[in-house]
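Listed below are the residues making up each chain.
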Amino acid sequence: MRFKDVFSIIGPAMVGPSSSHTAGAVRIGRVARQLLGAGTPERAIVTFYGSFADTYQGHGTDLAVIAGLLDCDTDDSRIPHSREEAEKAGMAVEFRIGVNPLYHPNTVRLELFKGERRLTAAGSSIGGGNVEMFSVDGFDVKFTGMYPTLVLYHRDRPGMIADVAELLRRHHLNIGSMDVDRKARSGDALTVMEVDSPVSEEIAGDLGRISEVRDVRTIDLTKRGRP
Amino acid sequence: MRFSTIQELAGLCEEEGLTLGEIMLQEQARESGEDPRHIHSRMAGYYSVMKEAVRKGLTEDTRSRSGLTGGDARRVKSYLDSDPTSAGGIACTAMAYALAVSEVNASMGRIVATPTAGSCGVIPGVFVSAQERFGWDDDHMTRGLFAAGAIGYVIANHSFVSGAEGGCQAEIGSAIAMAAGAMTEMRGGRPSQAAHAVGLALKNSLGLICDPVGGLVEVPCIVRNGFGAVTALAASDMALAGVRSVIPSDEVIQVMLEVGSAMPEKHRETAKGGLAQTPTGRAIMEELKQRNTPYRSRAKDAGQPGGEE
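Just so it is clear, the structure is predicted and the values come from calculations on it, not from any experiment. (Residues numbered from 1 in each chain as written. Chains lettered and ligands numbered in written order. Predicted model: local features only at pLDDT ≥ 70, side-chain atom pairs only at ≥ 80, totals over all residues.)

Asks: Can you walk me through the overall build of chain A in this structure?
Replies: Assigned secondary structure in chain A consists of six helices and ten strands. Rg of the C-alpha trace for chain A: 17 Å, near the compact-globule value of 17 Å for 227 residues, within the 12% margin. Its C-alpha atoms give chain A principal-axis dimensions of roughly 50 × 40 × 35 Å. Within chain A, the fraction of its 227 residues that count as buried is 51%. The contacts in chain A between residues at least 6 apart in sequence include a share of 69% that link residues at least 24 apart. (Helix = DSSP H or I, 4+ residues; strand = E, 2+ residues; numbered from the N terminus. Rg over C-alpha atoms; globule rule 2.2 N^0.38 Å. Buried ≥ 20, exposed ≤ 12 C-beta atoms within 10 Å, placed from the backbone. Contact = placed C-beta atoms within 7 Å.)

Laid out in structure tokens, this is it:
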């Protein structure tokens, strides 16, 4: 079944006008903010592709992405004024138009900066407010943001997945889906796991102490956005 | 879920002496492991958003960001309040409310996707106007939303609910069928009558293409929500009067899948055909493109190049 429950039919509550061009764009922005893992970015470069590039102003896709970067949920009444909110928060945003015929028609690529931190991520809005992220810092990984999500930056080595799975088993955390990509054998790698329950700071901390794990980020769009 | 077709859903209702809405709530609780009271109150929250959108669309400025639309709900409402209408006050009220919610959507207000943002006006148009007329409480309306959700759940899983996949029949058509079935149940119709309402309604929107001018959820989406609310009332009346959908609703849903799958890409939300490619539609799109120059925020260092593509 593609649609699992009644709230995928009635819902989400959202600021219009389009579930794909607005609500989905909010979610992609919010995923990227949480991937950066450092609060509100100081600077963001947003590149729209395909239908996003053609109609982003009419659909408020630009405002939606900014709102997501500010941690707003899909129904936050500040979405239409998110540019002013971004200025208040000290976040500078630049929009660009990109061309890539291979991408899904509703795709956006984000580069975020905060202090020393930098993040590049890309995702597509695939309908009804659902999104699919497909790239994080140059790694090809797919995830939806619909579940609590763990993102591990680590070195590619034998037993890494087993170590991670063992730790999650001890914390009774069930993995719903998982994606791994590496730059080279024994090189930098990224593992993304969608899990069935929220990830505590304790679990994230424990994962960070596994040998050759460089960094751990968590994404959870099920938590309400900023108050 | 213990049902996957409208027939199974109606059958479960008859067997257990429950309504479509009650079965949906029960199944949602079983599937998610959540407390039914919690699920009910989440849905009640969505109904509040719908009512607020109706109010906002009838009283506030709903000019869209593109400038293409806005104010039609208020036009219909004030006409209805002062002139004799062609369709009658009840139909025109539902129509005005549906337009109101869709205009709130187009002007970046809060709505509930039912099943999508493009078709968000139909259900509130029917529900909020009926609540006022029959004096139903919010609990009754919330149960009605579960009934609508049950119908939409079947349609979405056997066919589609997005214009990009199946044309406007999948969005507005599904919303009309959901509203018609729910209205039939809220008025005391039997589950089998609600099922007939779904089939009757869906038959009337088969083949409807998705051809938004400029790719925006405005023209013709907003007026189609207004028409949709009126059609849902009509389908519900037919079903309550005892009119049967000779082709059962599950088979009509399969036809929607067949028709939508055969629909050319240009008629599935791409703005490459239909109304979007009329001389006027093209002129509007051209004008919007001219305005669509990349935006750069005023904050100082945003212009620095961000590195490799």
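Asks: In this structure, what is going on with the sheet that holds strand 7 (residues 149-155) of chain A? I would like to understand it.
Replies: Strand pairing in a sheet relies on backbone hydrogen bonds. The paired strands run either parallel or antiparallel. Residues and elements named next belong to chain A. One open sheet accounts for four strands, arranged 8-9-7-10; its pairing is antiparallel. On the outer flanks of this sheet lie strand 8 (175-182) and strand 10 (213-219), each paired with one strand and no other. For this sheet, the mean inter-axis angle between neighbouring strands, taken without regard to orientation, is 15°. Across six bridges, strand 7 lies against strand 10 in antiparallel orientation. Note that in strand 10 the partner of Leu-150 across the bridge is Thr-218. Running over the sheet, helix 6 (residues 201-208) touches strand 7 and strand 10 and is turned about 160° from strand 10. (Pairing = 2+ DSSP bridges. Axes fitted to C-alpha atoms, helices over the stretch in contact; angles between N-to-C directions.)

Asks: Explain helix 3 (residues 61-69) of chain A to me, please; I cannot follow it from the model alone.
Replies: Residues three or four positions apart in an α-helix share a direction because the helix packs 3.6 residues into each turn. All names here are of chain A. With nine of its nine residues buried, helix 3 lies for the most part within the structure. Within helix 3 the residues assigned to the buried category are Thr-61, Asp-62, Leu-63, Ala-64, Val-65, Ile-66, Ala-67, Gly-68 and Leu-69. Lining the buried residues of helix 3 we find helix 1 (19-36), strand 2 (43-49), helix 2 (50-59), helix 4 (82-88), strand 3 (92-97) and strand 4 (106-114). Just downstream of helix 3 lies Asp-71, where phi reads positive at about 75°.

Asks: Where do I start with the interface of chain A and chain B in this structure?
Replies: Quite often, the size of an interface is put as the accessible area lost when its parts meet. Taken together, the contacts link 43 residues of chain A with 52 residues of chain B. If you list the elements that add at least two residues to the side of chain A that touches chain B, you get strand 1 (13-15), strand 2, helix 2, helix 4 and strand 3 of chain A. Looking at the side of chain A that touches chain B residue by residue, the class counts come to 18 nonpolar, 14 polar and eleven charged. Here three bridges tie strand 1 of chain A to strand 1 (residues 110-112) of chain B, and the two strands are oriented antiparallel to one another. (Nonpolar A, V, L, I, M, F, W, Y, C, P; charged D, E, K, R; others polar.)

Asks: What's the story with the domain arrangement of chain A in this structure? I'm lost.
Replies: Residues and elements named next belong to chain A. For chain A, the domain assignment lists domain 1 (16-136) and domain 2 (149-219). One C-alpha centre belongs to domain 1, the other to domain 2, and the line joining them spans 25 Å. Tallying the contact residues gives five residues for domain 1 and four residues for domain 2. By residue number, the principal contributor to the side of domain 1 that touches domain 2 is helix 1, which donates three residues. (Domains from an automatic or database assignment.)

Asks: I keep staring at the pairing of strand 9 (residues 188-195) of chain A and nothing clicks. Help me out?
Replies: Two faces, one strand: in a regular strand the side chains alternate between the faces of the sheet. Residue and element names in this part refer to chain A. In terms of burial, strand 9 is largely enclosed, as seven of its eight residues are buried. As judged from the seven bridges shared by strand 7 and strand 9, these two strands associate in the antiparallel manner. Paired with Arg-155 across the strands is Asp-188, a residue of strand 9. Bridge count between strand 8 and strand 9: seven bridges; the pairing is antiparallel. Note on strand 9: the bridge partner recorded for Ser-177 is Glu-194. Connecting strand 8 to the antiparallel partner strand 9 that follows it, the hairpin turn spans five residues, and Ser-186 within it adopts a positive phi of roughly 65°.

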